Amino acid sequence: MTRFLIGAMTVCAMAMATSAQAQTSEFMLRGFADIGSTAFKAEQSFAAILGDRRGPVWGGGVEVVLPFAVFVDVRASQFKQTGERVFLYQGEQFNLGIPTTVTVSPLTVIGGYRADFGSRFFPYGGGGIGWHRYQETSQFAEGSENVDERFQGYHLLGGVEFRVSRWIGTAFETEWSTVPDALGADPNGVSSGFNETDLGGVTFRVKLVIGN
Amino acid sequence: MAKTFGPNVRVLACTALLAAGAVATHHAQLASSGALLVSDISAPAIDRGLRNLDPPRDSRNDPPDITVDGDQPFVPGSIIVKFRPGTSPDAQRMLLAQVDGAASRPPSDADFDIVSIDPGMDPEAAARQLNAQPDVEYAQARYRVYPRFRPNDPLYARQWNYPSIDMERAWDINPGATSSVVVAVLDSGVAYRPAIVRYQARAFTLDGIPYRSLGVVDVPFAAAPELGGIERFVAPRDFIWDNTLPLDLDGHGTHVAGTIGQLTNNSTGVAGMAFNVRIMPVKVIASLWDLIFNSPFQGTDDVVARGIRYATDNGADVINMSIGRSGPSAPVVREAIAYAVGRGVFVVVAAGNDFEAGNQVERLAEFAPDIEGMVAVGGIGRNRERAYYSNTGSYVELMAPGGNTRVGGTEGAILQQTFDFDVVETYFRAPSQYTAPRFDSFAYDYLQGTSMAAPHVSGFAALLIQQGITSPAAIEAAMKRYAIDLGPAGRDNEYGHGLINPRASLRGQGLAK
């Protein structure tokens, strides 16, 4: 269902592109860097281990704006936080003082529509696919006790770009993602106890765009 | 020597009591006995060494920070590289330039180089890049190596019980707790200090053989060398003599205390589970000598209940009770245990040694399933199977090493320091050779029983408390959750939830794993 929705929205965005007015016919290649905050859907699990369901995320990538305002961007980003292992019992949490680092590194490909109304503001939206590397390492862990796995996810995003100058722009965007069945498989993870399986979430970010 | 100490030390005591009572009837002139502390000091303890050649003893049941620098498993900013022989310095420099690396002065005692790289660069990626070059024999990140704590106590190699529950890796996580954790040993007392105590030894009959009165005797005591100094002991209390001098006149409590907190990694003797904790000796069991000396109290339910409440009110975090009995239920003890658990004290009770003697319900252990924060512990041998003596039943919750001399002979039991029984159990000699005991001579003895299994769990509980799991119910849950299932799948009456697994419990849960 999720795949269908994302696919449908992406197709709609592409279709809108063909009917938009004042479309640029230029081919533009831009680079960008961004910083933001991700709130994970598995909020209890992240809060238990890392103390907060939210955390900073940074990244960067390249974006190609095709004729008729269609864009495709490829982004690599990373969330990395250190917390500690715990023992949960009947709703009570006991922190064990064993450092644990969780790293989530998505690589996404997003396609969408970037409207050009002839002003300095360019609303945009789109959807796409991501490959998420999930790593969890902790002190005293041996071999297979650490986690390093990859999962596929789906993304929707929307935002507004403001052109500061011909070559520099800034954007504010929100991205929603779902990474199903990435967590909760191992009974020793708190995510299993909380029945939280999705590694996705919502990310708010500020983007610096270099390029026309 | 191997000696089976069950939780039913009381039973042994009862036998002696009957004998002593009978004798008292015939020796009405015997004055009421009392204990007089003659001296706070005594001669130094005598070390009689390892007693591993003694035959196994009969059953005694019924009767008688490492901290991490960063979160990566390797050191950032450098890698290890070994070039193939014949690679010229210029070629080496060119290869290292691929990772912006520069070799530092070669380390001593090494045939490899330590290469500095950009601290922000992934050392594993740099190593992979170099490994692809034909002139590089190997390159690798500088992975941290953690200590595998293996105590240096010379007799540790004979303590199969610790490796059998993966204690070496558990000690890596939590090396023996700290002195902030107090474990109360409700037992026959503990050899925790020197003293000379004057008793009056009355006549008695043992197994139908009459033994004469020894009259007034001055009995020497010494602290068990491997339990540490007197500052390690908190709030000592004796409910058998009703004083604050819970001296061990038996050896059972000293052995049990050793498994909980024997000094460890001190190049001497043996190791203990939670070797940094403080110990609260609370004497609630009367030994044969206590009875011969006519102690005012015996190890009865009320005495045990008072001991539990005393330990609770005086700061114990864990109570170990390697004691028990069969017969009717003991509500007074149940209430005392509930009192303790309700005030945050974790309670460990031996499951009993009567399996081959009818497997009667252990009346102290039987409360365990109903009280979250109390566990009943059975014993396994070195083959990881239930020991022949270990009770089975619905109240058995966890298993720990208790020893089994039928598997491995004397050394199949649990080794700890306690008294040299040759100079304690003089009542086992012929009446003509019967003498006053001395409690200042120590040896490393093999004992077996669920009495020996329980202190493993008490020490384990101390580690969990130090690690951060402080609620008794949560401690029990953490123990059960990670127990290694033995016997039929799932909980069963023979093994309960299984063998304790301290390392896994101490590690707890991660986010995904």
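Up top is the structure.
Treat the numbers as computed from the prediction; the structure is a model and nothing was measured.

**Side note on the overall build of chain B**
Reasoning step 1: Along chain B, the regular secondary structure elements total 12 helices and 21 strands.
Reasoning step 2: Here chain B has roughly 18,300 Å² of accessible surface; of this, 52% comes from carbon and sulfur atoms.

**A short note on a nonpolar patch on the surface**
Residues and elements named next belong to chain A.
Reasoning step 1: On the surface, a cluster of nonpolar side chains totalling about 690 Å² of accessible area is made up of Phe 27, Leu 29, Val 62, Val 72, Val 74, Leu 107, Val 109 and Trp 131.
Reasoning step 2: For the nonpolar patch, the elements supplying multiple residues, two or more each, are strand E3 (70-89) and strand E4 (92-114).
Reasoning step 3: As for its position among the elements, Trp 131 is in strand E5 (residues 121-138).
Reasoning step 4: The exposure class of Trp 131 is partly exposed, given its relative accessible area of 42%.

**Some details on empty space enclosed by the protein**
Residues and elements named next belong to chain A.
Reasoning step 1: By volume, the largest cavity is sized at about 180 Å³.
Reasoning step 2: In terms of lining residues, the largest cavity is bounded by 18 residues, among which Thr 38, Pro 106, His 132, Ser 177 and Thr 203 are the most central.
Reasoning step 3: Breaking the lining of the largest cavity down by element, the ones donating at least two residues are strand E1 (28-40), E3, E4, strand E7 (168-178) and strand E8 (201-210).
Reasoning step 4: Of the residues contributing to the lining of the largest cavity, the split by class is 6 nonpolar, 9 polar and 3 charged.
Reasoning step 5: Estimates place the volume of the second largest cavity at around 30 Å³.

**Examining the nonpolar core**
Reasoning step 1: Residues Phe 87 of chain A together with Trp 289, Phe 293, Ile 308, Ile 319, Met 321 and Ile 337 of chain B are the most contacted members of the largest nonpolar core, which totals 139 residues.
Reasoning step 2: Among the elements that take part in this core, helix H10 (residues 450-467) of chain B stands out by supplying 10 residues, more than any other.
Reasoning step 3: Look past the residues within four positions of Trp 289 of chain B in its chain and what remains in contact with it is Leu 214, Leu 249, Val 424, Thr 426, Tyr 427, Tyr 434, Thr 435, Ala 436, Pro 437 and Phe 439 of chain B.
Reasoning step 4: Formed by 21 residues, the second largest nonpolar core is a distinct cluster that contains Phe 40, Phe 46 and Val 190 of chain A together with Leu 511 of chain B.

**What to know about the pairing of E5 of chain A**
Residue and element names in this part refer to chain A.
Reasoning step 1: Where E4 meets E5, 15 bridges bridge the pair, whose relative direction is antiparallel. Its bridge partner being in E5, Val 102 is matched across the sheet by Glu 136.
Reasoning step 2: Bridging between E5 and strand E6 (residues 147-163) involves 16 bridges; their strand directions are antiparallel. Note on E6: the bridge partner recorded for Gln 135 is Asp 148.

**Points about the sheet that holds E7 of chain A**
Reasoning step 1: Read around the closed barrel, 8 strands run E1-E2-E3-E4-E5-E6-E7-E8 (chain A), paired in antiparallel fashion. For this sheet, the mean inter-axis angle between neighbouring strands, taken without regard to orientation, is 25 degrees.
Reasoning step 2: Where E3 of chain A meets E4 of chain A, 17 bridges bridge the pair, whose relative direction is antiparallel. If you follow Phe 79 of chain A over to E4 of chain A, its bridge partner there is Val 104 of chain A.
Reasoning step 3: Together, E3 and E4 of chain A form the strand contacts of helix H11 (residues 472-482) of chain B, whose direction differs from that of E3 of chain A by roughly 115 degrees.

**Overview of unusual backbone geometry**
All names here are of chain B.
Reasoning step 1: Positive phi, close to 65 degrees, is recorded for Asn 294, a residue that is not glycine.
Reasoning step 2: Looking at the element boundaries, Asn 294 is found in the loop between helix H7 (288-292) and helix H8 (301-313).
Reasoning step 3: Even without glycine at this site, Asn 359 takes up a positive phi of about 50 degrees.
Reasoning step 4: Following the sequence through the fold, Asn 359 ends up in the loop between strand E17 (346-350) and strand E18 (374-380).

Cut-offs used in this document
Residues numbered from 1 in each chain as written. Chains lettered and ligands numbered in written order. Predicted model: local features only at pLDDT ≥ 70, side-chain atom pairs only at ≥ 80, totals over all residues. Heavy atoms only, no water. Helix = DSSP H or I, 4+ residues; strand = E, 2+ residues; numbered from the N terminus. Areas by Shrake-Rupley, 256 points an atom, 1.4 Å probe, with all protein chains shown as cover. Patch = residues over 30% accessible without salt bridge, like charges linked within 9 Å, V, L, I, M, F, W, Y side chains within 5 Å. Salt bridge = Lys/Arg side-chain N within 4 Å of Asp/Glu carboxyl O. Buried < 20%, exposed > 50% of the residue type's maximum accessible area, 1.4 Å probe, protein only. 1 Å grid on protein atoms, 1.4 Å probe; cavity = no way out; pocket = protein on both sides within 12 Å on 5 of 7 lines; lining within 4 Å. Points joined across faces, edges and corners; volume = space filled by probe spheres on them. Nonpolar A, V, L, I, M, F, W, Y, C, P; charged D, E, K, R; others polar. Core = buried A, V, L, I, M, F, W, Y, C linked by side-chain atoms within 4.5 Å. Contact = heavy atoms within 4.5 Å. Pairing = 2+ DSSP bridges. Axes fitted to C-alpha atoms, helices over the stretch in contact; angles between N-to-C directions.

Bear in mind that shape data such as this cannot, by itself, settle questions of function.
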